[in-house]
Amino acid sequence: EMKSIPAARGIQPFDSSDKGEPVALAPRNVFLSNAPNNQHCLTRWTNYYELPIEYRVEIHHGIFQPSNPTLATEFMPDSLPEKRRFLVVDNSVDDLYGQEIRSYFDFYGVRAHLVIIRGEEENKRFDAVEKVFQELCTFGLHRREPIIAVGGGVVLDVVGFVASIYRRGVPYIRVPTTLLALVDASVGVKTGVDFVSDTKGPLKNRMGSFHAPCAAYLDKRFISTQNTRNIVNGLGEIMKLALVRSVTLFELLEKNGARIVEEKFQGEKLGEDQVINLSIQIMLEELGPNLWEYDLERCVDFGHSFSKIIEMQCTDGIMHGEAVNVDGFFCCILSWRRGLLTREELERVFLCMKSIGLPTIHTLCQPDTLWRGVEDAIEHRHGQQRIPLVRGIGHSVIVNDITREEIVQAVGDLESIHQ
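A word on a positive patch on the surface
Judged by side-chain charge, Arg143, Arg144, Arg167 and Arg168 come together as a positively charged surface patch. Here Arg144 lies in the loop between helix H3 (126-139) and strand E8 (147-151). A relative accessible area of 60% places Arg144 in the exposed class.

A few points about empty space enclosed by the protein
Scanning the model with the defined rule gives 2 cavities of 30 Å³ or more in all. Estimates place the volume of the second largest cavity at around 30 Å³. In terms of lining, the second largest cavity is formed by Gly236, Met239, Lys240, Leu243, Phe302, Val324, Asn325, Gly328 and Met353. Ranked by residue count, the leading element in the lining of the second largest cavity is helix H6 (residues 228-245), at 4 residues. Among the residues making up the lining of the second largest cavity, the classes are represented as 5 nonpolar, 3 polar and 1 charged.

A short note on the pairing of strand E10 (residues 190-197)
When E10 meets strand E11 (residues 201-210), the two strands line up antiparallel, connected through 7 bridges. What sits directly across from Ser197, in E11, is Gly201. What sits between E10 and E11 in their antiparallel hairpin is a turn of 3 residues.

Quick word on the packing of aromatic side chains
Under the counting rule described, the total for this entry stands at 12 aromatic pairs. Taking the ring centre of Phe222 as reference, the NZ or CZ of Arg221 above it sits at 5.9 Å. Positioned over the ring face of Trp336 is Arg343, at 4.9 Å from the centre of the ring.

A word on helix H10 (residues 320-337)
For H10, spanning 18 residues, the distance from its first C-alpha to its last is 26 Å, which sits close to the expected 26 Å at 1.5 Å a residue. A large share of H10 lies buried, amounting to 16 of its 18 residues. Gly339 sits one or two positions beyond H10 and adopts a positive phi of about 80°.

Brief notes about the sheet that holds E8
Across the sheet, which stays open at both edges, the 6 strands sit in the order E5-E12-E9-E8-E6-E7 with parallel pairing between neighbours. The open sheet has two edge strands with one neighbour each: strand E5 (56-59) and strand E7 (111-117). The average angle at which neighbouring strand axes cross in this sheet is 20°, direction not considered. Of the pairings in the sheet, the one linking E5 to strand E12 (residues 215-218) comprises 4 bridges and is parallel in character. From the neighbouring strand, Glu58 faces E12, where its bridge partner is Tyr217. Those strands touched by helix H2 (residues 91-107) are strand E6 (84-90), E7 and E8, and its axis lies near 160° from that of E6. Where H3 meets the sheet, it contacts E6, E7 and E8, and its direction lies at approximately 160° from that of E7.

The rules behind these values
Residues numbered from 1 in each chain as written. Predicted model: local features only at pLDDT ≥ 70, side-chain atom pairs only at ≥ 80, totals over all residues. Heavy atoms only, no water. Patch = residues over 30% accessible without salt bridge, like charges linked within 9 Å, V, L, I, M, F, W, Y side chains within 5 Å. Areas by Shrake-Rupley, 256 points an atom, 1.4 Å probe, with all protein chains shown as cover. Salt bridge = Lys/Arg side-chain N within 4 Å of Asp/Glu carboxyl O. Lys, Arg positive; Asp, Glu negative; His and termini not counted. Charge placed at Lys NZ, Arg CZ, Asp CG, Glu CD. Helix = DSSP H or I, 4+ residues; strand = E, 2+ residues; numbered from the N terminus. Buried < 20%, exposed > 50% of the residue type's maximum accessible area, 1.4 Å probe, protein only. 1 Å grid on protein atoms, 1.4 Å probe; cavity = no way out; pocket = protein on both sides within 12 Å on 5 of 7 lines; lining within 4 Å. Points joined across faces, edges and corners; volume = space filled by probe spheres on them. Nonpolar A, V, L, I, M, F, W, Y, C, P; charged D, E, K, R; others polar. Pairing = 2+ DSSP bridges. Phe/Tyr/Trp six-rings, centres within 6.5 Å; stacked < 30°, edge-to-face > 60°. Lys NZ or Arg CZ within 6 Å of the ring centre and 35° of its normal. Expected span 1.5 Å × (residues − 1). Axes fitted to C-alpha atoms, helices over the stretch in contact; angles between N-to-C directions. Contact = heavy atoms within 4.5 Å.

Right under this line is the structure:
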């Protein structure tokens, strides 16, 4: 079974016609039925509430420069007895920018309390949540006072999860400091930490929530202090978006990718800003109408069916964007085998990935391991595979009928390409 991915959409408007009569003191929310269509139920109340979600994603230049008051003033509660900020900062960011961050808040007379935690996937555990919780309790964070997360995707995910459960929900602000976080973790509303199951081992993002930030403040200056591997890692998520949504983005990577990596997105040509801006807009277009993932057929799940298994089972430290790209290229082979991509398009994708430095194969690309990805997808996507494939560069389809034999044959093709 295969069908085109529909345009991103949210849930349908609330229909009160079969909910009963509105009650007098809450007519828009509470409905009473004394004779519901159920022989065992005598009375039924239905409570309906729309949760308003609004957050900003802004690109800044010099977010911690004294000339930019944003982080010292935005979402600062008027009720606090003093101007203060509670920040959770990646340890690597603290090494590079810690003094600048502290000086920034000193300049504005804001007392900054910094909690330093480690990034990297192996530290994305509940231990990090508990550490931040202890600091929050000591600090005495108010219910409407935001936490500020400064770091890569791990720190943003951990802090977002903390914010969603501390006092059942407090605000938070994201300041991503890696390319991957700029175009991925900072854009949506998902949070989470990994969990180690007694029966299934490490499971990616198995504990988490949907919790929108107040805002995400992006500054590509942070990319200048990333090493090449981390920048390429971020391009794994950008390549994903290019393959399923945008020929324009793919052509930008094809033409400028190698130079952009070399210049660490700090060049003065338009390509760098176009790549980041287009990636963010595509993500928002896809996530915006479907923030809570009521629609499980999502093109942005491309590269995330097999990668979770590779990433969590890997012992050589594969990074998230690298695993996503390995998954993505394997899905391109599946697409080619089904006639959705031409051989010329497959080779074009391969050459573009290689020119940037993205990995396209891993030792865990074996039928048994990859089939576990299919099984996990079925569990995660409510009983169907819902695996996105590429239907010509820049377009996608959802499939539900990938077979184990198809996986075996595609692995053979993958190995042949890399001989």
